[in-house]
Amino acid sequence: EDQVTQSPEALRLQEGESSSLNCSYTVSGLRGLFWYRQDPGKGPEFLFTLYSAGEEKEKERLKATLTKKESFLHITAPKPEDSATYLCAVQFNAGNNRKLIWGLGTSLAVNP
Amino acid sequence: GAGVSQSPRYKVAKRGQDVALRCDPISGHVSLFWYQQALGQGPEFLTYFQNEAQLDKSGLPSDRFFAERPEGSVSTLKIQRTQQEDSAVYLCASSFTGDETQYFGPGTRLLVL
(Lines give C-alpha, C1' and ligand atoms only; values in the text may rest on other atoms or scores of the structure.)
Protein backbone atom coordinates (compact mmCIF):
# COMPACT_ATOMS: atom_id res chain seq x y z
CA GLU A 1 0.00 0.00 0.00
CA ASP A 2 1.28 3.45 -0.88
CA GLN A 3 2.23 5.33 2.26
CA VAL A 4 3.82 8.57 3.34
CA THR A 5 5.29 8.88 6.84
CA GLN A 6 6.57 12.09 8.34
CA SER A 7 8.78 12.49 11.39
CA PRO A 8 8.92 13.89 13.93
CA GLU A 9 5.23 14.61 14.58
CA ALA A 10 6.18 17.78 16.43
CA LEU A 11 9.37 19.77 16.77
CA ARG A 12 10.20 22.71 18.97
CA LEU A 13 13.29 24.77 18.11
CA GLN A 14 14.94 27.87 19.43
CA GLU A 15 15.36 30.68 16.95
CA GLY A 16 18.55 30.01 14.98
CA GLU A 17 18.64 26.29 15.83
CA SER A 18 18.82 24.38 12.53
CA SER A 19 17.12 21.01 12.06
CA SER A 20 15.61 18.62 9.50
CA LEU A 21 12.19 17.13 8.89
CA ASN A 22 11.83 13.71 7.32
CA CYS A 23 9.33 12.32 4.83
CA SER A 24 9.61 8.65 3.88
CA TYR A 25 7.44 7.01 1.25
CA THR A 26 6.60 3.59 -0.07
CA VAL A 27 5.21 4.52 -3.46
CA SER A 28 6.01 2.52 -6.55
CA GLY A 29 6.68 4.74 -9.52
CA LEU A 30 7.10 8.20 -8.01
CA ARG A 31 5.92 11.02 -10.25
CA GLY A 32 6.78 13.80 -7.79
CA LEU A 33 7.19 14.67 -4.13
CA PHE A 34 5.77 17.91 -2.81
CA TRP A 35 6.40 19.96 0.33
CA TYR A 36 3.75 22.33 1.61
CA ARG A 37 3.47 24.60 4.61
CA GLN A 38 0.12 24.98 6.37
CA ASP A 39 -0.75 27.69 8.87
CA PRO A 40 -3.77 27.28 11.19
CA GLY A 41 -7.05 27.93 9.40
CA LYS A 42 -5.43 28.14 5.97
CA GLY A 43 -4.93 25.89 2.99
CA PRO A 44 -1.55 24.29 2.25
CA GLU A 45 0.96 26.69 0.72
CA PHE A 46 3.28 25.22 -1.90
CA LEU A 47 7.01 25.15 -1.11
CA PHE A 48 8.85 22.66 -3.35
CA THR A 49 8.45 19.91 -5.93
CA LEU A 50 11.11 17.21 -6.32
CA TYR A 51 11.02 14.69 -9.15
CA SER A 52 14.12 12.53 -9.02
CA ALA A 53 16.62 11.17 -6.52
CA GLY A 54 19.50 13.56 -5.93
CA GLU A 55 17.44 16.64 -6.68
CA GLU A 56 17.65 19.61 -4.30
CA LYS A 57 15.61 22.82 -4.09
CA GLU A 58 16.23 25.89 -1.91
CA LYS A 59 14.16 28.84 -0.83
CA GLU A 60 15.33 31.28 1.83
CA ARG A 61 15.98 29.20 4.99
CA LEU A 62 14.51 26.00 3.54
CA LYS A 63 16.20 23.29 1.50
CA ALA A 64 14.50 20.12 0.27
CA THR A 65 16.34 16.99 -0.84
CA LEU A 66 15.17 13.69 -2.30
CA THR A 67 16.47 10.12 -2.27
CA LYS A 68 14.81 6.98 -3.61
CA LYS A 69 12.93 6.39 -0.36
CA GLU A 70 12.77 9.68 1.51
CA SER A 71 12.96 13.43 1.45
CA PHE A 72 14.35 15.90 3.95
CA LEU A 73 13.32 19.46 4.58
CA HIS A 74 16.27 21.25 6.13
CA ILE A 75 15.57 24.44 8.04
CA THR A 76 18.60 26.66 8.59
CA ALA A 77 18.58 29.29 11.35
CA PRO A 78 14.78 29.26 11.68
CA LYS A 79 12.77 32.29 12.76
CA PRO A 80 9.49 32.36 14.70
CA GLU A 81 7.62 33.05 11.46
CA ASP A 82 8.69 29.60 10.23
CA SER A 83 6.35 28.08 12.82
CA ALA A 84 3.72 26.04 10.94
CA THR A 85 2.79 22.49 9.99
CA TYR A 86 4.94 21.13 7.18
CA LEU A 87 3.21 18.58 4.97
CA CYS A 88 4.76 16.15 2.53
CA ALA A 89 2.79 14.60 -0.33
CA VAL A 90 3.61 12.23 -3.18
CA GLN A 91 2.09 11.68 -6.60
CA PHE A 92 2.74 8.42 -8.38
CA ASN A 93 2.55 7.08 -11.90
CA ALA A 94 -0.65 5.14 -12.54
CA GLY A 95 -2.84 5.92 -15.52
CA ASN A 96 -5.15 8.86 -14.82
CA ASN A 97 -4.21 8.89 -11.15
CA ARG A 98 -3.10 12.38 -10.19
CA LYS A 99 -4.05 12.46 -6.53
CA LEU A 100 -1.61 13.45 -3.82
CA ILE A 101 -1.03 11.02 -0.95
CA TRP A 102 -0.19 12.94 2.19
CA GLY A 103 1.70 12.43 5.39
CA LEU A 104 0.29 13.62 8.70
CA GLY A 105 2.67 16.55 8.87
CA THR A 106 5.30 17.88 11.25
CA SER A 107 4.18 20.67 13.55
CA LEU A 108 7.10 23.08 13.95
CA ALA A 109 7.30 25.70 16.69
CA VAL A 110 10.21 28.16 16.69
CA ASN A 111 10.65 30.07 19.91
CA PRO A 112 12.21 33.56 19.91
CA GLY B 1 -2.88 36.98 -9.95
CA ALA B 2 -5.83 35.59 -8.04
CA GLY B 3 -5.42 32.26 -6.32
CA VAL B 4 -7.93 29.50 -5.71
CA SER B 5 -11.00 30.77 -3.91
CA GLN B 6 -13.58 28.79 -1.99
CA SER B 7 -16.96 29.66 -0.56
CA PRO B 8 -18.36 29.65 1.95
CA ARG B 9 -15.38 29.71 4.29
CA TYR B 10 -17.47 28.30 7.12
CA LYS B 11 -20.65 26.28 7.04
CA VAL B 12 -22.70 24.95 9.92
CA ALA B 13 -25.29 22.37 8.94
CA LYS B 14 -27.81 20.36 10.87
CA ARG B 15 -27.53 16.60 10.47
CA GLY B 16 -29.50 15.53 7.43
CA GLN B 17 -29.18 18.85 5.64
CA ASP B 18 -27.69 19.11 2.12
CA VAL B 19 -24.70 21.43 1.56
CA ALA B 20 -22.91 22.77 -1.52
CA LEU B 21 -19.32 23.97 -1.46
CA ARG B 22 -17.91 26.07 -4.27
CA CYS B 23 -14.41 26.26 -5.72
CA ASP B 24 -13.08 28.83 -8.19
CA PRO B 25 -9.74 27.57 -9.56
CA ILE B 26 -6.87 29.67 -10.86
CA SER B 27 -7.74 30.93 -14.33
CA GLY B 28 -6.43 28.63 -17.04
CA HIS B 29 -5.86 25.66 -14.75
CA VAL B 30 -7.11 22.50 -16.40
CA SER B 31 -7.09 20.22 -13.37
CA LEU B 32 -9.11 20.58 -10.20
CA PHE B 33 -8.96 18.47 -7.05
CA TRP B 34 -11.05 18.14 -3.90
CA TYR B 35 -9.56 16.94 -0.61
CA GLN B 36 -10.98 16.43 2.87
CA GLN B 37 -8.86 17.30 5.91
CA ALA B 38 -9.82 16.20 9.41
CA LEU B 39 -8.37 18.02 12.39
CA GLY B 40 -4.71 17.17 12.91
CA GLN B 41 -4.56 15.02 9.77
CA GLY B 42 -3.15 15.38 6.30
CA PRO B 43 -5.60 15.98 3.44
CA GLU B 44 -7.36 12.95 1.94
CA PHE B 45 -8.12 12.85 -1.77
CA LEU B 46 -11.77 12.93 -2.79
CA THR B 47 -11.97 13.52 -6.54
CA TYR B 48 -10.19 14.96 -9.60
CA PHE B 49 -11.36 16.75 -12.74
CA GLN B 50 -9.58 17.45 -15.96
CA ASN B 51 -11.60 20.20 -17.59
CA GLU B 52 -15.23 19.06 -17.15
CA ALA B 53 -14.39 15.36 -17.02
CA GLN B 54 -14.30 13.70 -13.63
CA LEU B 55 -11.38 11.30 -14.11
CA ASP B 56 -11.08 9.94 -10.58
CA LYS B 57 -13.72 9.84 -7.87
CA SER B 58 -12.23 6.96 -5.92
CA GLY B 59 -11.89 9.00 -2.73
CA LEU B 60 -15.53 10.00 -2.35
CA PRO B 61 -16.54 8.30 0.93
CA SER B 62 -20.13 7.51 0.01
CA ASP B 63 -22.82 8.13 -2.59
CA ARG B 64 -23.89 11.13 -0.51
CA PHE B 65 -20.90 12.98 -1.94
CA PHE B 66 -21.16 14.36 -5.45
CA ALA B 67 -18.90 16.76 -7.37
CA GLU B 68 -19.32 18.52 -10.67
CA ARG B 69 -17.48 20.95 -12.92
CA PRO B 70 -19.91 21.44 -15.80
CA GLU B 71 -18.01 24.10 -17.76
CA GLY B 72 -14.50 23.09 -16.86
CA SER B 73 -13.95 25.98 -14.48
CA VAL B 74 -15.93 26.42 -11.24
CA SER B 75 -16.59 23.23 -9.31
CA THR B 76 -19.16 22.35 -6.68
CA LEU B 77 -18.89 19.62 -4.08
CA LYS B 78 -22.30 18.59 -2.80
CA ILE B 79 -22.92 16.54 0.30
CA GLN B 80 -26.40 15.17 0.77
CA ARG B 81 -27.96 14.23 4.12
CA THR B 82 -24.92 15.40 6.07
CA GLN B 83 -23.67 13.32 8.98
CA GLN B 84 -21.50 14.37 11.93
CA GLU B 85 -18.56 12.44 10.49
CA ASP B 86 -18.64 14.77 7.47
CA SER B 87 -17.34 17.58 9.69
CA ALA B 88 -13.95 18.55 8.28
CA VAL B 89 -12.18 21.14 6.16
CA TYR B 90 -12.81 20.68 2.45
CA LEU B 91 -9.88 21.85 0.35
CA CYS B 92 -9.90 22.59 -3.35
CA ALA B 93 -6.73 22.70 -5.44
CA SER B 94 -6.01 23.43 -9.08
CA SER B 95 -3.07 22.81 -11.36
CA PHE B 96 -2.21 23.78 -14.91
CA THR B 97 -2.06 20.12 -15.78
CA GLY B 98 -2.64 17.16 -13.52
CA ASP B 99 1.08 16.50 -13.33
CA GLU B 100 2.09 19.85 -11.97
CA THR B 101 2.02 21.54 -8.62
CA GLN B 102 -1.41 21.79 -7.03
CA TYR B 103 -2.30 25.18 -5.56
CA PHE B 104 -4.78 25.19 -2.73
CA GLY B 105 -7.60 27.44 -1.68
CA PRO B 106 -8.26 28.42 1.94
CA GLY B 107 -10.75 25.61 2.46
CA THR B 108 -14.33 25.43 3.66
CA ARG B 109 -14.73 24.40 7.28
CA LEU B 110 -17.90 22.30 7.61
CA LEU B 111 -19.43 21.57 10.99
CA VAL B 112 -22.38 19.20 11.14
CA LEU B 113 -24.38 19.37 14.34
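Use the structure listed above.
Notes on the structure in this doc start here. (Residues numbered from 1 in each chain as written. Chains lettered and ligands numbered in written order. Predicted model: local features only at pLDDT ≥ 70, side-chain atom pairs only at ≥ 80, totals over all residues. Heavy atoms only, no water.)

1. Examining the overall build of chain A
What counts here: In this description a helix means any DSSP run of H or I spanning at least four residues, a strand means any run of E spanning at least two, and both kinds are numbered starting from the N terminus. Our radius of gyration looks at C-alpha atoms and nothing else; its globule reference is 2.2 Å times the residue count to the power 0.38. For every residue, the accessible area obtained with a 1.4 Å probe (protein chains only) is divided by the maximum for its type, and the residue is called buried under 20%, exposed over 50%, and partly exposed between those limits. Each accessible area is a Shrake-Rupley result for a 1.4 Å probe, and residues are judged covered by the shown protein chains and nothing else. None of His or the chain ends enter the tally, which takes Lys and Arg as positive and Asp and Glu as negative. By convention, the point assigned to a charge is CZ for Arg, NZ for Lys, CD for Glu and CG for Asp.
Helices and strands together make up the secondary structure of chain A, namely zero helices and eleven strands. Along the chain direction, N to C, the helices and strands of chain A fall in the order β-β-β-β-β-β-β-β-β-β-β. Relative to the globule expectation of 13 Å for 112 residues, the C-alpha radius of gyration of chain A, 14 Å, shows essentially globular dimensions. Principal-axis analysis of the C-alpha atoms gives chain A an extent of 45 × 30 × 20 Å. Within the span of chain A, comprising 112 residues, buried residues form 46% of the whole. Carbon and sulfur atoms make up 47% of the accessible area of chain A, which amounts to about 5300 Å² in all. Taken together, the 13 basic and 14 acidic charged side chains of chain A have centroids lying 6 Å from each other.

2. Observations regarding the side chain of Thr106(A)
Residues and elements named next belong to chain A. The condition that has to hold: Polar contacts, as counted here, are pairs of nitrogen or oxygen atoms within 3.5 Å of one another; within protein the pair requires one atom able to donate a hydrogen and one able to accept it, and residues that are adjacent in sequence qualify only if both atoms are side-chain atoms. By definition in these notes, contact holds between two residues if any of their heavy atoms fall within 4.5 Å.
For Thr106, the location among the structural elements is in strand S11 (residues 106–111). Side-chain polar atoms of Thr106 contact the backbone oxygen of Pro8, separated by 2.6 Å. Not counting chain neighbours up to four residues away, the residues in contact with Thr106 comprise Gln6, Ser7, Pro8, Glu9, Leu11, Leu21, Ala84, Thr85 and Tyr86.

3. A look at the environment of Ser73(B)
Residues and elements named next belong to chain B. Topologically, Ser73 is positioned in the loop between strand S7 (65–68) and strand S8 (75–79). Measuring from C-alpha to C-alpha, the distance between Ser73 and Leu111 comes to 26 Å, with 38 residues separating the pair along the chain. What Ser73 contacts, discounting residues up to four positions off in sequence, is Pro25 and Leu32.

4. Some thoughts on the interface of chain B and chain A
Convention followed: Buried area is understood as the total, over both parts, of accessible area removed when two parts are fitted together, assessed with a 1.4 Å probe. We count a salt bridge whenever a side-chain nitrogen from Lys or Arg sits within 4 Å of a carboxyl oxygen from Asp or Glu. Under the scheme applied here, ten amino acids are nonpolar (Ala, Val, Leu, Ile, Met, Phe, Trp, Tyr, Cys and Pro), four are charged (Asp, Glu, Lys and Arg), and all others, including Gly, are polar.
Each partner contributes to the interface: chain B provides 23 residues, whereas chain A provides 21 residues. Carbon and sulfur atoms make up 51% of the surface buried where chain B meets chain A, a total of about 1600 Å² over both sides. Of all residues in chain B, Asp99(B), Thr101(B) and Phe104(B) bury the most surface against chain A, accounting for 28% of the area lost on that side. The interface formed by chain B and chain A contains zero salt bridges. Connecting chain B to chain A are six residue pairs in polar contact (both at pLDDT 80 or more). Only strand S4 (31–37), strand S5 (44–50), strand S6 (53–56) and strand S10 (103–104) of chain B provide two or more residues apiece to the side of chain B that touches chain A. The residue inventory of the side of chain B that touches chain A, partitioned by class, reads ten nonpolar, nine polar and four charged.

5. Description of the sheet that holds S7(B)
Residues and elements named next belong to chain B. The condition is simple: When DSSP locates at least two bridges between a pair of strands, those strands are taken to pair. Note on definitions: angles span 0 to 180 degrees between N-to-C directions of axes, and those axes are lines fitted to C-alpha atoms, for helices only across the stretch in contact.
Taken in spatial order, the four strands line up as S1-S3-S8-S7 in an open sheet, and their pairing is antiparallel. Both outer strands of the open sheet, strand S1 (5–7) and S7, are each paired with one neighbouring strand and no more. Going from strand to strand, the sheet's axes swing by 15° on average, the running direction of each strand aside. The sheet contact formed by S7 and S8 spans four bridges and is antiparallel. Along S8, the bridge assignment pairs Phe66 with Lys78.

6. Examining a nonpolar patch on the surface
Quick reminder of the rule: Patch members must show over 30% relative accessible area and no salt bridge, and they are joined within 9 Å when carrying like charges or within 5 Å when they are nonpolar side chains of Val, Leu, Ile, Met, Phe, Trp or Tyr.
On the surface, Val12(B), Leu111(B) and Leu113(B) cluster together into a nonpolar patch covering about 280 Å² of accessible area. When you line up the elements, Leu111(B) lands in strand S11 (residues 108–112).

7. Examining the packing of aromatic side chains
Heads up, the condition is: Think of it this way: a Phe, Tyr or Trp ring, Trp meaning its six-membered ring, pairs with another when their centres are within 6.5 Å, and the plane angle makes it stacked under 30 degrees, edge-to-face over 60, tilted otherwise.
Applying the stated criterion to the full structure yields eleven aromatic pairs over all chains. Taking 5.6 Å as the distance between ring centres and 75° as the angle between the ring planes, the aromatic pair formed by Trp102(A) and Phe104(B) counts as edge-to-face. Here Trp102(A), found in strand S10 (residues 101–102), pairs with Phe104(B), found in strand S10, and the two come from separate chains. Here the two residues Trp102(A) and Phe104(B) agree in accessibility, since each one is buried. Each ring, one from Phe33(B) and one from Tyr35(B), has its centre 6.3 Å from the other, and the planes form 25°; the classification is stacked.

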